[in-house]
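Coordinate analysis (summary)
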Amino acid sequence: MAIVRTGLPAALCALTILAGTARAQDDARERGWEIFQQARAAAGVKADSVPVKDYVFELQTKALTPDGEVQRHSKGYYLHPGLVRQEIDDPKAKIIVVFNGDKAWQIVPGDIHYMPDALAKRYKMELSRSHVLLSPPPPRDSIWLLNKEEVEGRQTDVIELREVGGPPLRLFVDSETHDVLKKMFVGDAPGGGMAQVEEYFSNFQESGGYRWPFHKRVVRNGKVATETTTMSLEINTGLTESDIVR
């Protein structure tokens, strides 16, 4: 009688599938890391780069609210590693927001309001996402190549970073220029709850040896929320902590 042995081939088949899956994952991580480094280089992060110690910027923002469109002008200050001051000319009053890397507070005429810890945490995550290319890179095995996708007529490589700013962050990197044309993540919605947030970047310009997007459009759950134009940007101006926390 012939003996049919089926266990060994099945086991070998399973091992082959597992090995193929592991190789595919390794390839996705390796390629994701490579694309991330290309994006950092395109942004100006190189071995001989002068580090970004501080910067000062002016913004013109158009916000779409339930009450209609609101235009705001603001001036901001950033000091490494996490001090931020933003002076906002609101139609009703001038508002100053300060974040020291741990706590956030709002200065209005005649008063100071400390923000809830949850909102301060949100500021910290936003700062982490904003500086994803300028900050030291996250662990190599936390970056994956997902796929290719077109963004406003440009072909991009989509990579996912799993240890930046809380929830996974996806970067849509131009396949030719390596500029980050879009970021996508799940974040808090201003009115409560969570939203899929898409940030589109364009009008890249050089300042201080780095390449910055001077236009940003934010879409939440498929609806345009804000459009921001950078009016000016100066790098390494010599800011001190007292310039921000005052």
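Let me sum up the structure you'll find in this document.

Cut-offs used in this document
- Residues numbered from 1 in each chain as written.
- Predicted model: local features only at pLDDT ≥ 70, side-chain atom pairs only at ≥ 80, totals over all residues.
- Heavy atoms only, no water.
- Pairing = 2+ DSSP bridges.
- Helix = DSSP H or I, 4+ residues; strand = E, 2+ residues; numbered from the N terminus.
- Buried < 20%, exposed > 50% of the residue type's maximum accessible area, 1.4 Å probe, protein only.
- Contact = heavy atoms within 4.5 Å.
- Core = buried A, V, L, I, M, F, W, Y, C linked by side-chain atoms within 4.5 Å.
- Salt bridge = Lys/Arg side-chain N within 4 Å of Asp/Glu carboxyl O.
- Phe/Tyr/Trp six-rings, centres within 6.5 Å; stacked < 30°, edge-to-face > 60°.
- Lys NZ or Arg CZ within 6 Å of the ring centre and 35° of its normal.

**Quick look at the pairing of strand S13 (residues 223-235)**
- As judged from the 9 bridges shared by strand S1 (residues 54-65) and S13, these two strands associate in the antiparallel manner. Bridging across to S13, Thr 61 finds its partner in Thr 228.
- Pairing of strand S12 (residues 210-220) with S13 involves 6 bridges; the strand directions are antiparallel. Following the sheet pairing, His 215 is matched in S13 by Thr 229.
- Hairpin connection from S12 to S13: 2 residues lie between these consecutive antiparallel strands, with Asn 221 at a positive phi of about 50 degrees.

**As for unusual backbone geometry**
- Cis rather than trans, the peptide bond between His 80 and Pro 81 has omega equal to 10 degrees.
- Position of Pro 81 relative to the elements: it lies in the loop between strand S2 (68-79) and strand S3 (83-89).
- At His 178, a residue that is not glycine, the phi angle is positive and equals roughly 70 degrees.
- Backbone geometry at Asn 203 places phi at a positive 55 degrees, although glycine is not the residue there.
- On the secondary structure map, Asn 203 appears in strand S11 (residues 194-207).
- The exposure class of Asn 203 is partly exposed, given its relative accessible area of 44%.

**Here we look at the environment of Glu 176**
- Note on placement: Glu 176 falls in the loop between strand S9 (169-174) and strand S10 (180-188).
- Placed 18 residues apart in sequence, Glu 176 and Met 194 show a C-alpha to C-alpha distance of 33 Å.

**Some thoughts on the environment of Pro 138**
- By the element assignment, Pro 138 lies in the loop between helix H2 (117-130) and strand S7 (143-151).
- The residues contacting Pro 138, other than those within four sequence positions of it, are Trp 33, Phe 36, Ile 143, Leu 161, Glu 163 and Val 164.

**Some details on the pairing of strand S5 (residues 104-108)**
- Sheet analysis places strand S4 (residues 94-99) next to S5, joined by 4 bridges and oriented antiparallel. Paired with Val 97 across the bridge in S5 is Gln 106.
- Count of turn residues in the S4/S5 antiparallel hairpin: 4 residues, of which Gly 101 carries a positive phi of about 95 degrees.
- Pairing geometry for S5 and strand S6 (residues 111-114), over 4 bridges, is antiparallel. Residue pairing in the sheet places Gln 106 in a bridge with His 113 of S6.
- Turn length for the S5-S6 hairpin, with the two strands adjacent in sequence and antiparallel, is 2 residues, and the turn residue Gly 110 shows positive phi of about 85 degrees.

**Some words on the nonpolar core**
- Tyr 55, Phe 99, Trp 212, Leu 233 and Ile 235 are the most contacted members of the largest nonpolar core, which has 19 residues in total.
- Taken together, the elements giving at least two residues each to this core come down to S1, S3, S4, H2, S12 and S13.
- The next biggest cluster of nonpolar side chains, apart from the first, holds 18 residues, and it includes Phe 36, Ala 43, Ile 159 and Val 164.

**A closer look at the pattern of salt bridges**
- Applying the stated rule across the entire model yields 17 salt bridges.
- Linking Arg 154 and Asp 174 is a salt bridge whose minimum nitrogen-to-oxygen distance equals 2.8 Å. One end of the pair, Arg 154, is in strand S8 (residues 154-161); the other, Asp 174, is in strand S9, and 20 residues separate them in sequence.
- Given a relative accessible area of 32%, Arg 154 falls into the partly exposed group.
- Between Lys 216 and Glu 199 there is a salt bridge, with its nearest N and O atoms 3.7 Å apart. Here Lys 216 is found in strand S12, whereas its partner Glu 199 is found in strand S11, with 17 residues between them in sequence.
- One salt-bridge network, held together by shared partners, links Arg 85, Glu 87, Lys 94 and Arg 246.

**Some words on the environment of Asp 90**
- Within the element layout of this structure, Asp 90 appears in the loop between S3 and S4.
- Of the residues examined, Asp 90 reaches a relative accessible area of 18% and is grouped as buried.
- Along the primary structure Asp 90 and Val 70 are separated by 20 residues, whereas in three dimensions their C-alpha atoms are 8.8 Å apart.

**Concerning the packing of aromatic side chains**
- For the structure on display, the rule yields 7 aromatic pairs.
- Pairing Phe 99 with Tyr 123 gives two aromatic rings, centres 6.0 Å apart and planes at 25 degrees, and the pair type is stacked. Separated by 24 residues along the polypeptide, Phe 99 in strand S4 and Tyr 123 in helix H2 bring together distant segments of the chain.
- We classify Phe 99 as buried; its relative accessible area is 3%.
- Three or more aromatic residues joined by ring pairs make a cluster, and in this case those are Tyr 55, Phe 57, Tyr 78, Tyr 210 and Trp 212.
- The ring of Phe 172 is capped by Lys 182, whose NZ or CZ atom sits 4.5 Å from the centre of that ring.
- Over the ring of Tyr 200 we find Arg 217, and its NZ or CZ is 4.4 Å from the ring centre.

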